[in-house]
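Chain by chain, the residues run as shown.
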Amino acid sequence: MRANQMRIFHGPPPTAKRTGQNKDKYERLPYTGATLMSEPELRALAIALLQVVKVMHARGYGHCDIKPANVLVDHAPDGSKVFRVCDMGIASKADKSGRLLQCPGGTPAFAAGEVLQKIRLGKSQYPVCLQSDMAAIGMVMAHAAAFHGLPGGLQQYALWARDLPHRTPPALKDFIEQLMSVDPAERLTPDQALAHPWLQ
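Since we're looking at a predicted model, the values are computed, not measured. (Residues numbered from 1 in each chain as written. Predicted model: local features only at pLDDT ≥ 70, side-chain atom pairs only at ≥ 80, totals over all residues. Heavy atoms only, no water.)

1. So, the pairing of strand S2 (residues 71-75)
Taken residue by residue, a regular strand's side chains alternate between the two faces of the sheet.
Part 1: Alignment of S2 against strand S3 (residues 81-85), held across 5 bridges, turns out to be antiparallel. From the neighbouring strand, His-75 faces S3, where its bridge partner is Lys-81. (Pairing = 2+ DSSP bridges. Helix = DSSP H or I, 4+ residues; strand = E, 2+ residues; numbered from the N terminus.)

What follows is the structure, encoded as structure tokens:
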């Protein structure tokens, strides 16, 4: 197994923080604003994802396949975008501790590290749990904010080989990183994420 594949399974130490020191080549971006999608649209996307996951988690289920292809986009009468989460086909029941009783898979590019470990190695450093959905939301947000259209960009971010672009608003960067903490216990819960300053 190549070293970069091992990093996606094990990641950095749980307390690690991204440095913000991207190589120059990672700052050559195909968009001119602070983010790829506008911040109001990113907020609407985050809220839609978090509200669905909050309801599912409250009922004891993990979505297990949060990804852009499972987000539908519609338009409200005022012209603003409305995001709807779909495809609960591999949703999995959790036990009382929040651990998922099955690890049904999902889409590797947007899966939490512990999910990839479980699928590919048969065991994981951390339990596959409801909080695994939160890391997937972080990956979707990073993709929408900066990496869509950049080949390999999201994978390099997941492997800790690059950071979000320098121009990413600090509050958004903090929001994404708290969703993607290596240890699931350190990730924001849906309620905590909805109360994050970037969404206020």
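2. Remarks on the environment of His-196
Part 1: For His-196, the location among the structural elements is in the segment after helix H7 (190-194).
Part 2: Judged by relative accessible area, which is 6%, His-196 ranks as buried.
Part 3: When sequence neighbours within four positions are dropped, the list of residues in contact with His-196 reads Ala-171, Asp-174, Phe-175, Gln-178 and Leu-188.
Part 4: Among the polar contacts listed, one links the side chain of His-196 to the side chain of Asp-174, at a separation of 2.7 Å.
Part 5: A distance of 2.9 Å separates a polar side-chain atom of His-196 from the backbone nitrogen of Trp-198. (Buried < 20%, exposed > 50% of the residue type's maximum accessible area, 1.4 Å probe, protein only. Contact = heavy atoms within 4.5 Å. Polar contact = N/O pair within 3.5 Å; in protein donor to acceptor, adjacent residues only side chain to side chain.)

3. Remarks on unusual backbone geometry
Part 1: Backbone geometry at Asp-87 places phi at a positive 60°, although glycine is not the residue there.
Part 2: Relative to the assigned elements, Asp-87 resides in the loop between S3 and strand S4 (92-93).
Part 3: Taking the relative accessible area as the measure of exposure, Asp-87 reaches 40% and is therefore partly exposed.
Part 4: Phi angles above zero are rare outside glycine, and Trp-160 is one such case at about 65°.
Part 5: Inspection of the secondary structure assignment puts Trp-160 in the loop between helix H5 (153-158) and helix H6 (170-179).
Part 6: Accessibility expressed as a relative area gives 28% for Trp-160, which makes it partly exposed.

4. Describing the nonpolar core
Part 1: Judged by nonpolar contacts, the single largest core of 40 residues is most densely connected at Leu-49, Ile-137, Met-141, Phe-175 and Ile-176.
Part 2: Those elements that place two or more of their residues in this core are helix H2 (39-58), S3, helix H4 (132-147), H5 and H6.
Part 3: With 11 residues, H4 is the single largest residue contributor to this core.
Part 4: If we skip the residues at most four places from it in the chain, Ile-176 touches Gly-138, Met-141, Ala-142, Tyr-157 and Leu-164.
Part 5: By size, the runner-up hydrophobic cluster in this structure holds 10 residues, among which are Cys-64, Val-115, Leu-130 and Ala-135. (Core = buried A, V, L, I, M, F, W, Y, C linked by side-chain atoms within 4.5 Å.)

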